[in-house]
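As a plain string of letters, each chain reads:
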Amino acid sequence: MNFSFEVMFPNRIQGRVELDSSSNFIGITGPSGAGKSSLLRCIAGFEKDTLTQANWGNVSPKIGVVFQQPLLFPHLDVKGNLQIATRHASEHAISIDEAVKGCRCEHLLSKPIATLSGGEAQRVAIARALVNGPHILLLDESFSAIDAVTRRHIYTFLRQLCAASQLKCFMVSHDIDELLLLSDEMIYI
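Attention in this report is confined to the structure presented alongside it. (Residues numbered from 1 in each chain as written. Predicted model: local features only at pLDDT ≥ 70, side-chain atom pairs only at ≥ 80, totals over all residues. Heavy atoms only, no water.)

## Some points on the pattern of salt bridges
Our working rule: Whenever a carboxyl oxygen of Asp or Glu lies within 4 Å of a side-chain nitrogen of Lys or Arg, that contact is scored as a salt bridge. In this text, helices come from DSSP runs of H or I with a minimum length of four residues, and strands from runs of E with a minimum of two, each type numbered from the N-terminal end. Only protein chains enter the accessibility calculation, which uses a 1.4 Å probe; a residue is then buried when its area is under 20% of its type maximum, exposed when over 50%, and partly exposed in between.
Counted according to the given criterion, the structure contains two salt bridges. Put simply, Glu 178 and Arg 151 hold a salt bridge, and the shortest N to O gap is 3.1 Å. Of this pair, Glu 178 sits in helix α6 (residues 176-182) while Arg 151 sits in helix α5 (residues 148-164), placing them 27 residues apart in sequence. You can call Glu 178 buried: its relative accessible area is 13%.

See below:
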């Protein structure tokens, strides 16, 4: 069974996407200002003036979102940010240990959020989203500050996680070459 979504956001974005049910990693690209982030915001339900209908198959999905600017709790350290995400985690959530290993942030657990670099904060935000156990993970330029070697490690980790679970990742990026290597399907806006 395919899964699909339709978005109608007046004067911003309108479209219908149908994807194969076996697609777990979906790349989204296009020029700046085309509506990639708006699309993710609509899918996540953040835009009130939009009509978004989705058929995710047999799942009523839990959606996780990681933006380019990570939204971490500044009053907690890294471990505290991860622990708070486990409070309402779904039954198929991964452990904090697995998330920090996969996102290469084991050494950051005791660090205050204010001391993290941009790439470190992005890795922690991705790990936090994963320990919450989403069915759909929306990544909006979430790798932009992460070095190439670490990015490839995390991509491999996410692809393995998608293959082993119900997780589907939608990743916005301007790096078409990386998206072509990673993605089961691509959306160009």
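Now that the structure is up, let's keep going.
## Details of the side chain of Asp 140
Threshold: The sign given to each residue is positive for Lys and Arg and negative for Asp and Glu; His and the chain ends receive no count. Pairs of N or O atoms are called polar contacts if they sit within 3.5 Å, as long as, within protein, a hydrogen donor faces a hydrogen acceptor (for residues adjacent in sequence, only side-chain-to-side-chain pairs). Pairs of residues are marked as contacts when any of their non-hydrogen atoms sit within 4.5 Å.
With respect to the element layout, Asp 140 can be found in strand β6 (residues 136-140). Of the side chains bearing the opposite charge, Arg 41 lies closest to the buried Asp 140, which forms no salt bridge; the N-O distance is 7.2 Å. In this structure the side chain of Asp 140 is engaged in a polar contact, spanning 2.7 Å, whose partner is the side chain of Ser 37. With residues near it in sequence (within four places) discarded, Asp 140 still touches Ser 37, Leu 40, Val 66, Phe 67, Gln 68 and Val 172.

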